[in-house]
Each structure stands twice: as C-alpha cells, then as structure tokens.
Amino acid sequence: MSETLYAVYGASGFGREVMPLARAQLRSIGVPDSRLVFVDDAAGDGEMLNGQRVMRYETFLAEPATIRYAALAIANDVVREKLADQLRTDAVSPWSLAASNVVVLDDVEVGEGALLCPFVTLTSNIRIGRQFHANIYSYVAHDCVIGDFVTFAPSVKCNGNVRIEDHAYIGTGAVIKQGKPGQPLVIGRGAVVGMGAVVTKDVPAGATVVGNPARIMNKD
Ligand code: UDP
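A brief report on the enclosed structure follows.

Calculation notes
- Residues numbered from 1 in each chain as written.
- Predicted model: local features only at pLDDT ≥ 70, side-chain atom pairs only at ≥ 80, totals over all residues.
- Heavy atoms only, no water.
- Patch = residues over 30% accessible without salt bridge, like charges linked within 9 Å, V, L, I, M, F, W, Y side chains within 5 Å.
- Areas by Shrake-Rupley, 256 points an atom, 1.4 Å probe, with all protein chains shown as cover.
- Salt bridge = Lys/Arg side-chain N within 4 Å of Asp/Glu carboxyl O.
- Helix = DSSP H or I, 4+ residues; strand = E, 2+ residues; numbered from the N terminus.
- Buried < 20%, exposed > 50% of the residue type's maximum accessible area, 1.4 Å probe, protein only.
- Pairing = 2+ DSSP bridges.
- Right-handed = clockwise from strand over helix to strand, strands pointing away.
- Near = heavy atom within 4 Å.
- Polar contact = N/O pair within 3.5 Å; in protein donor to acceptor, adjacent residues only side chain to side chain.
- Expected span 1.5 Å × (residues − 1).
- Arc of directions from axis to C-beta.
- Contact = heavy atoms within 4.5 Å.

A contiguous nonpolar patch, built from F119, I136 and Y137 and spanning about 290 Å² of accessible area, is present on the exposed surface. When you line up the elements, Y137 lands in the loop between β13 (133-134) and β14 (139-140). Using a relative accessible area of 47% as the deciding quantity, one classes Y137 as partly exposed.

Below, the structure written as structure tokens:
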C-alpha cells in the first residue's frame, strides 16, 4: 500500500477544475486515483465528488498515511494563507500542480503550492512566490516578479517587467501594460484588478481598479 496521501483542498468550482490536473500528475508517476481525495471543511465524510472521496481536514489527517500532500485550490488569498499555515503546522507538504500543456520557458522560479491551469504560459526570467494561482489561459511575460498568495483569474495578460505584490487579485481578462527594465509597473499588495481592466500605470496597495484605462474605484 502506498504510504502517501494526496489532497486537493477545496471541493467547490476551482477545486473541481484542479482535480483532473492532480489525477493526471499522479497517474504519470504511477500513483492510483484512490490515494487522491478532496478535502473540504463543509463536506460530509464519505461523499464522492467527480469520482474522488471527499473528507474533512481532520479526517484527512487521521487517514492511514505517513506522508501527506495538499494543493490549496481555494481562490480566496486570505483563506489560502490561513490554510497554508495550518498545513505547515500539521506537517502536510504543499503540493504544486501544473497542467500538461503549461509552457514554462527560461529561468523561471515558482514557489511552493502553485497551481498552473491549462494553457498557462510563463516565459523567461520570472520570480513567483508561494501559493500562486494562474487560472486557464493566463500568461506571465519576461522579467515579472510576483509575490505570495497572488491570484490570476482566467486569461490574465501580464506583460513584461511587471511587479505584483503579495495577495493581489487580477480579474478575468485583465491586461497589464509592460513596465520598463529597472522601472517595473507595480501592482501593490492586496490590490484588486477588475475583470477586463487595462492597467496602464501603478496600482496602489489595497486599491481596486476597473476599466480602460484602469482607474481606482471609489468605495461608496
Ligand atoms: N473551504 C474549506 N475550508 C476553509 C475555507 C473554505 O474547506 O477553511 C472550502 C469551502 O467549503 C468551499 C471551497 O473551499 O467548498 C471554496 O470555494 P469557493 O466557491 O468559495 O471558491 P473557489 O475557490 O472554488 O472559487
């Protein structure tokens, strides 16, 4: 019996998109599907979802296994950080997943727990922190630096020389203008870029920007 148990943590929409990547990755190294489960704290133990067992986190920890891996398939960055800390406390290893058609070119470093969905491209000379999510069809171009717990919705176009700080969220179809060498376009910590926004200049930390060209959305 295999001693290793693997989980996709989060059994909602994104988790169900990530599960096939996990299954394919394990099959490629000869691990049977039975060693792969969904973990979800809102689920009842013993349920099945898309062919895999679903269990609560406590049950996952109690299952017979000597080594445990979990991929955090939860889009919310704050929840992701909280759960990443919990996994560390419980000696569950962070697990990175990448679709088989992901393209990674040259000198790319990606931190632990990254989820790279189908058709994602990371080009050259890129640094990415922990628990990065790149949803379908997103790309990161040359010389970008991306922090921890950053989330790309589908089809984000992140052009070259862009710096994205920790916990930023980039919405579906957003386009981020290329920065300059040594003078990157900066998206600040915790900023939110709305879907379809065209970002042409720096976005302050914590701001939400929308539109073309992207402007700060007033909170009222
Ligand atoms: N969840 C969990 N533990 C937590 C927080 C969230 O198991 O501490 C689960 C939650 O029950 C839900 C999923 O994570 O099934 C998050 O799904 P949601 O639809 O909010 O967003 P998604 O990440 O799928 O876009």
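Before going further, it helps to examine the pairing of strand β5 (residues 67-72). Pairing geometry for strand β1 (residues 4-9) and β5, over six bridges, is parallel. By the bridge assignment, T4 is partnered in β5 with I67. Summarising the sheet, β5 and strand β6 (residues 93-94) pair through two bridges and their orientation is parallel. Each residue of the ladder has a partner; that of A70, found in β6, is P94. At this point the chain moves from β5, through helix α3 (residues 77-89), to the parallel β6, and the crossover so formed is right-handed.

A few words on the site of the ligand. The immediate surroundings of the ligand are formed by 14 residues, with S12, F14, D40, D41 and A75 found nearest. One of the side-chain N or O atoms of S12 is found 2.7 Å from an oxygen atom in the ligand. In this structure, a nitrogen atom belonging to the ligand sits 2.6 Å away from a side-chain N or O atom of D41. Relative to its free-state accessible area of 550 Å², the ligand is covered by the protein chains to the extent of 65%. Looking at the shell around the ligand, the elements that each hand over two or more residues are α1 (13-27) and α3. Ranked by residue count, the leading element in the shell around the ligand is α3, at three residues.

Here eight strands make up an open sheet; going across it, the order is β7-β10-β13-β16-β19-β22-β24-β25 and the pairing mixed. Bordering the open sheet on either side are β7 (97-98) and β25 (215-216), each of which pairs with just one other strand.

A few words now on α3. Here α3 contains 13 residues, and its C-alpha end-to-end distance of 18 Å stays within 8% of the 18 Å for a straight helix at 1.5 Å per residue. What α3 keeps buried is the set D77, R80, L83, A84 and L87. Taken down its axis, α3 places every buried residue within 120 degrees of arc, on the same side. Opposite its buried face, α3 presents the exposed residues V78, K82 and T89, each directed more than 90 degrees away. The elements touched by buried residues of α3 are β1, α2 (57-62), β5, β13 and β16 (151-152).

Note that every value here comes from positions in space, so none of it alone points to a role or purpose.
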